[in-house]
Amino acid sequence: MSQVDKSQDSLIQIRDVGFSFGDHKIYDHLDMTIPRGKVTAIMGPSGCGKSTLLNFIGGRLKPDTGDIRVNDVSVPSLNRRDLYALRKQMGMMFQSSALLTDLNVFENIAFPIYEHTELPDELVKNLVLSKLQMVGLRGARHLMPAELSGGMTRRVALARAIALDPMLVMYDEPFTGLDPISLGVIVKLIREVNDALQMTSVVVTHDVAEGCSIADYVYLLGQGRVIGQGTPEEMSGTKSPEVRQFMGGLPDGPVAYHYPARDYKEDLFQDWPDD
Amino acid sequence: MTSIRLLGRWVINSVLRLGRATMFLTATLVGVFWILRRFQLILQQVFAVGVLTVLIIAVSGLFVGMVLGLQGYNTLVDFGAESSLGLVVALSLTRELGPVLTALLFAGRAGSALTAEIGLMKATSQLAGMEMMAVDPIERVMAPRFLAGFIAMPLLAAMFTAIGVLGGYLIGVGMLSVDSGVYWTSMQEGVDVYDDILNGVIKSVVFGFVVTWIAVFEGYDAAPTSEGVSRATTRTVVIASLAVLGLDFILTSLMFSEI
């Protein structure tokens, strides 16, 4: 499988990262390179730490060891002011969308613009409408978040994530819980927005088909490290049993179907309640 | 051995929590300094925590004043001192009942609402979303709410006291046989601006600070689940109420005791 050419223009470098939640080791010597201007999918089973990786890139968490560099800046060593300056160049779409529930659609998208710029209202209006036009929700600008469907909520969150034209947009499980039409819309939008605005996108997902359909490059995480990487075509044709199990959605394999337990027969003849 | 270990864990957790709350307060006070430039945000929150609490404060103040009038009259009349009813009602309200009951009602109405709102914002990733938009939630969400509670609480206590005095008047003068002029004159002669009113205002300012701090911190520190928000809301009401009653004893000792 090909690896990202480290000499090529990369936006994010993750080097030798180790991280634990209490006794549970999430990452062990993790190395990744996210190319600039591309859509990179980070896939892996639930609980393998995909979203944690986005929190590292955004500086909301610090790794125990190693370094994360975004645009050649070491994120863990930034002070608060510099971190916030870097975040202005990032957009993030959360799994829950994280729209501000007391603001309507228009106000949600205008929120980061008003917070970080002193643009006149007329210009802000035009900016917001252009983003809404991009996601097809210009007509829904007066609706409150509670009045939106799941797919519309994600589209508004996407429009808000790109409100300041960031260099990087991170998507945390953008395909989860969507109906087929909304799913198709989000898949199309992520690709189109990335290409139209010439930004870099990192999509964290466990949806293999959708992830592979838009990604230029795929990383597969498992057991705290990268267990597979390559273009979607390379990932589909791999012989690695771990990658094949995930890509094919096989219930048993290197990731066992059964949670570790003692012998079944032993369990059946054990006095109940057991110790 | 287990109980000693549990006690130790409880003490360590409590100290850690107090440390977190103090760091949170420091950050919030810095945030207040920045948010003063955005008056509109403060005004919105004063409306949410202050104006929307007026009804419960007004109704409670009226009933407390009426009960004070009734009880005070029944006691004073035995000593032929019913002419002091206005003074008794006013002193009870300005020194104690106004600040304390307002703070308890404020904790129940506005404090719990603040905790639930902030806790839900955390549970639905709204605070995380702000952080990722390079907007500090302590500055943008916590500081205006904290400042609003701090501003609203003394005003609500003043309102409670004023309406309570009117409630006492309605009962004492309207239903019982206390003379209207005597009711107001006894109050005018007996209530001292510094010893009574100012001390009451100081109490309400301190209670406003503490109740709002607890409410905002509990929301910010809540576990991001529905159960976590529910627990945080309950903790706000319980801790804030106990803090108000405990602080009231300390402040009263400092202000009015001769010891």
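Residues numbered from 1 in each chain as written. Chains lettered and ligands numbered in written order. Predicted model: local features only at pLDDT ≥ 70, side-chain atom pairs only at ≥ 80, totals over all residues. Heavy atoms only, no water.

**Concerning the pairing of strand 1 (residues 10-21) of chain A**
Residues and elements named next belong to chain A.
Thinking step 1. Where strand 1 and strand 2 (residues 24-35) come together, eight bridges link them in antiparallel fashion. For Gln13, the partnering residue across the bridge sits in strand 2 and is Thr33.
Thinking step 2. Here strand 1 folds back onto strand 2, and the loop between the two strands holds two residues, one of which, Gly22, carries a positive phi near 60 degrees.
Thinking step 3. In terms of strand pairing, strand 1 meets strand 4 (residues 65-70) through five bridges, oriented antiparallel. Its bridge partner being in strand 4, Gln13 is matched across the sheet by Arg69. (Pairing = 2+ DSSP bridges. Helix = DSSP H or I, 4+ residues; strand = E, 2+ residues; numbered from the N terminus.)

**Considerations on the packing of aromatic side chains**
Each pair of aromatic rings is reported with the distance of its centres and the angle of its planes.
Thinking step 1. A complete count under the given rule lists 13 aromatic pairs over all chains for this structure.
Thinking step 2. Judged by centre distance (5.0 Å) and plane angle (90 degrees), the rings of Phe19(A) and Phe56(A) are edge-to-face. Taken together, the positions of Phe19(A) in strand 1 and Phe56(A) in helix 1 (residues 50-57) put the pair 37 residues apart, joining distant regions of the chain.
Thinking step 3. Overall, the relative accessible area of 6% leaves Phe19(A) in the buried class.
Thinking step 4. According to the relative accessible area criterion, Phe56(A) is buried, its value standing at 1%.
Thinking step 5. With a centroid separation of 5.2 Å and 25 degrees between ring planes, the pair formed by Tyr169(B) and Trp184(B) is classed as stacked. In this pair, Tyr169(B) is assigned in helix 6 (residues 137-175) and Trp184(B) in helix 7 (residues 180-190), connecting sequence segments 15 residues apart.
Thinking step 6. By relative accessible area, Tyr169(B) is classed as partly exposed at 23%.
Thinking step 7. By way of ring pairs, the aromatic residues Phe19(A), Phe21(A), Tyr27(A) and Phe56(A) are connected into one cluster.
Thinking step 8. Positioned above the aromatic ring of Tyr84(A), the side-chain terminus of Arg80(A) is 4.7 Å from the ring centre. (Phe/Tyr/Trp six-rings, centres within 6.5 Å; stacked < 30°, edge-to-face > 60°. Buried < 20%, exposed > 50% of the residue type's maximum accessible area, 1.4 Å probe, protein only. Lys NZ or Arg CZ within 6 Å of the ring centre and 35° of its normal.)

**Things to note about the domain arrangement of chain A**
Residue and element names in this part refer to chain A.
Thinking step 1. Domain boundaries assigned for chain A yield domain 1 (1-89 + 169-183 + 196-275) and domain 2 (99-165).
Thinking step 2. Here domain 1 and domain 2 have C-alpha centroids that lie 29 Å from each other.
Thinking step 3. For the domain 1 and domain 2 pair, buried surface summed over both sides reaches about 750 Å², with 70% attributable to carbon and sulfur atoms.
Thinking step 4. For the domain 1 face of the interface with domain 2, the top three residues by lost area are Lys88, Leu178 and Leu197, together amounting to 51%. (Domains from an automatic or database assignment. Buried area = accessible area lost by both parts, 1.4 Å probe.)

**So, the sheet that holds strand 7 (residues 168-172) of chain A**
Residues and elements named next belong to chain A.
Thinking step 1. Strand order in the open sheet made by the six strands is 6-7-8-3-9-10, with mixed pairing throughout. The sheet is open, and its two edges are formed by strand 6 (90-93) and strand 10 (225-230), each paired on a single side. Pairs of neighbouring strands in the sheet enclose a mean axial angle of 15 degrees, with direction left out of account.
Thinking step 2. Packed onto the sheet, helix 1 meets strand 3 (39-43), strand 6, strand 7, strand 8 (200-205) and strand 9 (217-222) and runs at close to 155 degrees relative to strand 7.
Thinking step 3. In this fold helix 6 (residues 180-197) packs onto strand 3, strand 7 and strand 8, with an angle of close to 160 degrees to the strand it touches most, strand 8. (Axes fitted to C-alpha atoms, helices over the stretch in contact; angles between N-to-C directions. Contact = heavy atoms within 4.5 Å.)

**Describing the sheet that holds strand 1 of chain A**
Thinking step 1. Spatial strand order, 2-1-4-5 (chain A): four strands in an open sheet with antiparallel pairing. Edge positions in the open sheet fall to strand 2 and strand 5 (73-74) of chain A, since each of these has one partner strand only.

**Quick word on the interface of chain B and chain A**
Thinking step 1. Each side of the interface is counted separately: chain B has 17 residues, and chain A has 20 residues.
Thinking step 2. Of the roughly 1,600 Å² buried between chain B and chain A, counting both surfaces, carbon and sulfur atoms make up 59%.
Thinking step 3. At the boundary of chain B and chain A, one finds four salt bridges.
Thinking step 4. The partner of Asp136(B) in a salt bridge is Arg80(A), with the nearest N and O atoms 2.5 Å apart.
Thinking step 5. Run the count over chain B and chain A and you get nine residue pairs in polar contact (both at pLDDT 80 or more).
Thinking step 6. Put simply, the parts of the chain that give the side of chain B that touches chain A at least two residues each are helix 5 (126-132) and helix 6 of chain B.
Thinking step 7. Its residues assigned to classes, the side of chain B that touches chain A shows eight nonpolar, four polar and five charged. (Salt bridge = Lys/Arg side-chain N within 4 Å of Asp/Glu carboxyl O. Polar contact = N/O pair within 3.5 Å; in protein donor to acceptor, adjacent residues only side chain to side chain. Nonpolar A, V, L, I, M, F, W, Y, C, P; charged D, E, K, R; others polar.)

**A few points about helix 6 of chain A**
Residues and elements named next belong to chain A.
Thinking step 1. Under the 1.5 Å per step criterion, the end-to-end length of helix 6 is 26 Å for 18 residues, consistent within 8% with the ideal 26 Å.
Thinking step 2. Of the surrounding elements, those touching the buried residues of helix 6 are strand 3, helix 4 (121-135), helix 5 (150-161), strand 7, strand 8 and helix 7 (208-214).
Thinking step 3. In this structure Asp179 caps helix 6, since a side-chain oxygen of it lies 3.0 Å from the backbone nitrogen of Ile181.
Thinking step 4. The positive-phi residue at the C-terminal boundary of helix 6 is Gln198, with phi of around 50 degrees. (Expected span 1.5 Å × (residues − 1).)

**Focus on unusual backbone geometry**
Residue and element names in this part refer to chain A.
Thinking step 1. The backbone of Asp165 shows a phi angle near 50 degrees, a positive value even though the residue is not glycine.
Thinking step 2. You can see Asp165 is positioned in the loop between helix 5 and strand 7.
Thinking step 3. Among the residues examined, Asp165 registers a relative accessible area of 46% and is labelled partly exposed.
Thinking step 4. Phi is positive for Glu173, which is not a glycine, with a value near 50 degrees.
Thinking step 5. Note on placement: Glu173 falls in the loop between strand 7 and helix 6.

**Notes on the side chain of Gln229(A)**
Thinking step 1. Looking at the secondary structure, you find Gln229(A) in strand 10.
Thinking step 2. One polar contact links Gln229(A) to Tyr217(A), side chain to side chain, over a distance of 2.9 Å.

**Thoughts on the packing of helix 6 of chain B against helix 8 (residues 193-221) of chain B**
Residues and elements named next belong to chain B.
Thinking step 1. At their nearest, the axes of helix 6 and helix 8 sit 8 Å apart, and the two run at 150 degrees to each other. On the basis of the axis angle, helix 6 is roughly antiparallel to helix 8. As helix 6 packs across helix 8, the resulting crossing turns out to be right-handed. From helix 6, Ile138, Met142, Arg145, Phe146, Gly149, Phe150, Met153, Pro154 and Ala157 reach across to helix 8, where they touch Ser204, Val205, Phe207, Gly208, Phe209, Thr212, Trp213, Val216 and Tyr220.
Thinking step 2. When grouped by side-chain class, the residues that make up the contact of helix 6 with helix 8 number 13 nonpolar, four polar and one charged. (Parallel < 35°, antiparallel > 145°, perpendicular 65-115°, else oblique. Left-handed = near helix turned anticlockwise from the far one by under 90°.)

**Overview of the environment of Phe175(A)**
Residue and element names in this part refer to chain A.
Thinking step 1. Take Phe175: it is sitting in the loop between strand 7 and helix 6.
Thinking step 2. A relative accessible area of 3% means that Phe175 is categorised as buried.
Thinking step 3. For the pair formed by Phe175 and Gly224, sequence separation is 49 residues and the distance between their alpha carbons is 23 Å.
Thinking step 4. Residues contacting Phe175, with those up to four places away along its chain left out, are Arg154, Leu183, Ile186, Val187, Ile190, Val203, Thr205, Asp207, Glu210, Gly211 and Ile214.

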